[in-house]
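Understanding the architecture of this molecule
What follows is each chain in one-letter form.
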Protein chains: 2
Amino acid sequence: MTIKELARELEMSTTTVSRVLTGQEKKYRISEKTAQRVREMANQLDFAPNQIARNLRLQKTNTIGLIIPDISNPFFANLARTVEEELRRRGKMVLLCDSKDDTQIEEESVQLLLSRKVDGLLVAPVGEKWEHLQKKVAVPVVLLDRYFEHKDLPYVTTDSFFGAYKATSFLIEKGHRHIACIQGLTGTTPNEHRVKGYESAMQNHGLSQNITIAGSDYSMINGYESTKELLARPETPTALFALNNQIAMGCMKALKEYDFSIPDEISLIAFDEQPYFELLSPSLTAIKQPMEGIGKVAVEMLFELMDEKKVAPQMLKPMLIERDSVAPIPQKS
Amino acid sequence: MTIKELARELEMSTTTVSRVLTGQEKKYRISEKTAQRVREMANQLDFAPNQIARNLRLQKTNTIGLIIPDISNPFFANLARTVEEELRRRGKMVLLCDSKDDTQIEEESVQLLLSRKVDGLLVAPVGEKWEHLQKKVAVPVVLLDRYFEHKDLPYVTTDSFFGAYKATSFLIEKGHRHIACIQGLTGTTPNEHRVKGYESAMQNHGLSQNITIAGSDYSMINGYESTKELLARPETPTALFALNNQIAMGCMKALKEYDFSIPDEISLIAFDEQPYFELLSPSLTAIKQPMEGIGKVAVEMLFELMDEKKVAPQMLKPMLIERDSVAPIPQKS
DNA sequence: CTAAATTGCACAATCGTTTGTGCAAAACTA
DNA sequence: TAGTTTTGCACAAACGATTGTGCAATTTAG
């Protein structure tokens, strides 16, 4: 069913039909009687305009490309959910790409999305390269979670430094001195900021000597192996700070396997919160990221960019959720 | 950069350029020299054809619509990941819709996707209505997870009956007699089949009297409240069978709150497996669904339908993963 | 009653591709 | 050399919508 067929049925021109259906009847002085007829027939025949043709003509697709490193990571799944919901509210649909944390797939995805003429791009980049997100990208781009400093690519993310500083301070206040940090993908901004937050907190409390950083990516396996490695060291830490939810899972697995009791023998705190954290034994103390906020703000920002407005990057504050995986250590006198 | 500009640059017709770029040079006898020039220039100017125009002309978008009830549920997130990966391999992109388990949103999404002329639809339906998936849908549709019996809508799903039967039998073999089942959304096929599997196992072991079914949807809150309600009954069950991962989480939360020890006082088994199940204390015995298989088979099926082939629905077998949340009960003599 | 203004709609171009067909020029045949 | 075949490419019409503009018919103004 095309607009032409609909017009033939009504015995009028496609022009008139189109104008009525796009609500421009007044602007073009279509009589109310005619308009009525058009709407009725359209309704009755259940006509829906071919969006492809529309997109071509209007040079606008009402489609946003969403590139995410791993949709099976609940952090990103939640982000995707919020983004999809917000975009739907505003009449856009989302073309989803999962880059599998592979920069090459990410670059290809950008190309694919651009050739499909998306109106904008929402990208949680792998974080290794940025050129493909800035050069020759004719549409607005907003970065999620990971970003690039000094690159003038707008982003929305958690204040990682703040969160890590808070988590580390919390452990220190509880009497911990030997706190190890198990990091995620090095070179990515959130990771670097979390590490810096951790280091700053340690330094500011005179614990520079005790700074211990292990790990190399955001996977459960990394958490698992780094923990085992840390436990094997002569001076085992009394607390672990896992820089994302998957790493934290790996930590728990290793600790469980080695029969370390949390929090009696070792405390654990995670950056990033998941619903099941409260069900673990012990329930897991965590830094909760404002995921919904990130999604909403990113979409808003994208719309402002599409309206040719200027935007400023945003860092949203995370929150500490106290549970049972952290125990105080008696102060040595 | 359009093909017209590219053609002007090369001082030839768009026809020729198009034919080279679509690899039809031989078919239309374009000289190798010309072809070479075209490819070089296209490369150099970094030309990518406007897919919208292409879609319109070819009456094909290479886009598949994926409708999912809740992308933040790890079960569906994993499904989405597999589907995206498989489709990408085959040159398609995915337009993602999250129906939030709301039939109305699902219906709207179908309309939106159809007007965008997707080549096919992959739908994990809410399960309440099916008309919008069959009537007037001009493209192939494959259902995921939930489906409709006797409706001739092809689907790929877990063999829920089999899985539930297995889980229940497992509990019975361990000596449990009072097993309660906490169900998900009633009226949806997986739920009904799981319930039936549970009931059959009970009946076949002479435990018809003990059949106890609680709950009403696939949420954590449902698991939580149903469990509390079950614990309040005069004869509390010795084992719980949660019909999905979120319900299981709710069960654990309630049991924890009420200080019920798993598995000493009560055993728990879940339909659907999640990575963190092994980290819970105790680790959670579960029926693992072949999620990757579902995604892959669904995509294959969709392609067969697009090739106008016939397909048969598929039920994939789940697997029991034994962990520590189920304990044997000493047989009463 | 005539001229001007308004009303109501249709023509045709356009968005950027792909493709059936046509037509010279080149190559071949006899 | 003249006729036929082959080679190499371009014209122009789609695909299905939107929209600037034009032009009758009707209404209003004077």
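Just so it is clear, the model here is predicted, and its values are computed rather than measured. (Residues numbered from 1 in each chain as written. Chains lettered and ligands numbered in written order. Predicted model: local features only at pLDDT ≥ 70, side-chain atom pairs only at ≥ 80, totals over all residues. Heavy atoms only, no water.)

Now for the overall build of chain A. Across its full length, chain A carries 12 helices and 12 strands. Taken over C-alpha atoms, the radius of gyration comes to 26 Å for chain A, far larger than the 20 Å a tight globule of 333 residues would show. Per-residue burial over chain A gives 55% buried out of 333 residues. At a minimum sequence separation of 6, the contacts of chain A that also span at least 24 residues come to 69%. (Helix = DSSP H or I, 4+ residues; strand = E, 2+ residues; numbered from the N terminus. Rg over C-alpha atoms; globule rule 2.2 N^0.38 Å. Buried < 20%, exposed > 50% of the residue type's maximum accessible area, 1.4 Å probe, protein only. Contact = heavy atoms within 4.5 Å.)

The subject of this paragraph is the sheet that holds strand β9 (residues 267-271) of chain B. All names here are of chain B. The strand order across the open sheet built from 6 strands is β7-β6-β8-β9-β10-β12, with neighbouring strands paired in mixed fashion. Either end of the sheet is taken by a strand with one partner, and the two such strands are β7 (212-214) and β12 (319-321). Geometrically, the sheet is characterised by an average inter-axis angle of 20° between neighbouring strands, direction not taken into account. Alignment of strand β6 (residues 179-182) against strand β8 (residues 239-242), held across 4 bridges, turns out to be parallel. Counterpart to A180 in the pairing with β8 is L240. Helix α8 (residues 160-173) rests against β6, β8, β9, β10 (285-288) and β12 of the sheet, and its axis sits at about 170° to β9. (Pairing = 2+ DSSP bridges. Axes fitted to C-alpha atoms, helices over the stretch in contact; angles between N-to-C directions.)

Okay, the domain arrangement of chain A next. Domain parsing of chain A yields domain 1 (3-49), domain 2 (60-157 + 291-318) and domain 3 (160-288). Look at where the C-alpha atoms of domain 1 of chain A and domain 3 of chain A centre, and you get two points 63 Å apart. (Domains from an automatic or database assignment.)

Quick look at the protein's contact with DNA strand C now. In the vicinity of DNA strand C, 29 residues are found, and the nearest of them are R19 and T34 of chain A together with S18, R54 and R57 of chain B. Backbone atoms, meaning sugar and phosphate, make up 51% of the atoms of DNA strand C lying within 4 Å of the protein. Between T34 of chain A and DNA strand C, the recorded distance is 2.5 Å, taken from a side-chain N or O atom to a phosphate oxygen. For the surface near DNA strand C, the secondary-structure elements that each account for two or more residues are α2 (14-21) and α4 (51-58) of chain A together with α2 (14-21) and α4 (51-58) of chain B. The class makeup of the residues in the surface near DNA strand C is 10 nonpolar, 13 polar and 6 charged. (Near = heavy atom within 4 Å. Polar contact = N/O pair within 3.5 Å; in protein donor to acceptor, adjacent residues only side chain to side chain. Nonpolar A, V, L, I, M, F, W, Y, C, P; charged D, E, K, R; others polar.)

With that settled, the discussion passes to the pattern of salt bridges. In a structure, side chains of opposite charge can pair up when their charged atoms sit close to one another. Evaluation of the coordinates by the stated rule reveals 33 salt bridges over all chains. For K253 of chain A, the salt bridge is made with E278 of chain B, and the minimal N-O distance between the two is 3.1 Å. In this pair, K253 of chain A is assigned in helix α11 (residues 245-257) and E278 of chain B in the loop between β9 and β10, connecting two distinct chains. The exposure class of K253 of chain A is partly exposed, given its relative accessible area of 25%. Classification of E278 of chain B by relative accessible area gives partly exposed; the value is 27%. Among the ionic pairs, R88 of chain B bridges to E84 of chain B, the shortest N-O distance being 2.8 Å. Of this pair, R88 of chain B and E84 of chain B both sit in helix α5 (residues 74-89), 4 residues apart, which is roughly one turn of the helix. (Salt bridge = Lys/Arg side-chain N within 4 Å of Asp/Glu carboxyl O.)

It is worth spelling out the relation of the copies chain A and chain B at this point. Once chain A has been moved 0.0 Å along the axis and rotated by 180°, it coincides with chain B to within an RMSD of 0.1 Å. In short, the pair behaves as if placed about a two-fold rotation axis. (Least-squares fit on C-alpha atoms with pLDDT ≥ 70 in both.)

Time to look at α2 of chain B. Residues and elements named next belong to chain B. For α2, every residue scored as buried is listed here: T16, V17 and V20. Buried residues of α2 fall within an arc of 100° about the axis and therefore sit on the same side. The inward-facing, buried residues of α2 abut α1 (3-10) and α3 (32-45). Residue G23 follows α2 closely and has a positive phi angle near 75°. (Arc of directions from axis to C-beta.)

Before going further, it helps to examine the environment of Y198 of chain A. All names here are of chain A. When you line up the elements, Y198 lands in helix α9 (residues 189-204). Y198 sits 43 residues away from F241 along the chain, and the two C-alpha atoms are 8.7 Å apart. In this structure Y198 touches A164, Y165, T168, I179, A180, C181, N210, I211, T212, I213 and F241, once residues within four positions along its chain are discounted.

A few words now on the interface of chain A and chain B. Contacts between chain A and chain B engage 49 residues on the former and 48 residues on the latter. Summed over both sides, the interface of chain A with chain B buries roughly 4700 Å², with 61% coming from carbon and sulfur. Looking only at chain A, the three residues that lose the most surface to chain B are M93, R116 and L279 of chain A, adding up to 16% of its buried area. Counting across the chain A and chain B interface gives 10 salt bridges. In this structure, the salt-bridge partner of D98 of chain B is R81 of chain A, at a minimum N-O distance of 3.7 Å. Connecting chain A to chain B are 26 residue pairs in polar contact (both at pLDDT 80 or more). Elements represented by at least two residues in the side of chain A that touches chain B include exactly α4, α5 (74-89), β2 (93-98), α6 (103-115) and α11 of chain A. When grouped by side-chain class, the residues that make up the side of chain A that touches chain B number 23 nonpolar, 12 polar and 14 charged. (Buried area = accessible area lost by both parts, 1.4 Å probe.)

At the junction of I262 of chain A and P263 of chain A, the peptide bond is cis and its omega measures out at 0° in the coordinates. Along the polypeptide, P263 of chain A turns up in the loop between α11 and β9 (267-271). Going from S281 of chain A to P282 of chain A, the amide bond is cis rather than trans, its omega being -5°. By secondary structure assignment, the location of P282 of chain A is in the loop between β9 and β10 (285-288). You will see that D145 of chain B, though not glycine, has its phi angle at about 65°, which is positive. Residue position: D145 of chain B is located in the loop between β4 (141-144) and β5 (155-158). In the Ramachandran plot, H150 of chain B falls in the positive-phi region, its phi being about 60° despite a non-glycine side chain. In this structure, H150 of chain B sits in the loop between β4 and β5.

It is worth spelling out the packing of α4 of chain A against α4 of chain B at this point. For the pair α4 of chain A and α4 of chain B, the least separation of the axes is 9 Å and the interaxial angle reads 140°. As judged from the angle between their axes, α4 of chain A and α4 of chain B are oblique. Every pair of crossing elements has a handedness; the one defined by α4 of chain A and α4 of chain B is left-handed. Of the residues in α4 of chain B, those touching α4 of chain A at I52, A53, N55 and L56 of chain A are I52, A53, N55 and L56 of chain B. A breakdown of the residues in the contact of α4 of chain A with α4 of chain B according to their chemical character gives 6 nonpolar, 2 polar and no charged. (Parallel < 35°, antiparallel > 145°, perpendicular 65-115°, else oblique. Left-handed = near helix turned anticlockwise from the far one by under 90°.)

Below, the discussion takes up the side chain of T157 of chain A. Mapping T157 of chain A onto the fold places it in strand β5 (residues 155-158). Setting aside residues up to four positions removed in sequence, T157 of chain A forms contacts with D145, Y147, I294, Q314, M315 and L316 of chain A.

This paragraph deals with the sheet that holds strand β3 (residues 120-123) of chain B. The 12 strands are arranged β11(A)-β5(A)-β4(A)-β3(A)-β1(A)-β2(A)-β2(B)-β1(B)-β3(B)-β4(B)-β5(B)-β11(B) in an open sheet whose pairing can be described as mixed. Across the chains shown, the open sheet's two edge strands, defined by having one partner strand only, are β11 (314-316) of chain A together with β11 (314-316) of chain B. Within the sheet, the average angular offset between the axes of one strand and its neighbour, ignoring direction, is 20°. Strand direction decides the pairing type here: strand β1 (residues 63-68) of chain A and β2 of chain A, joined by 6 bridges, are parallel. By the bridge assignment for β2 of chain A, I68 of chain A is matched with D98 of chain A.

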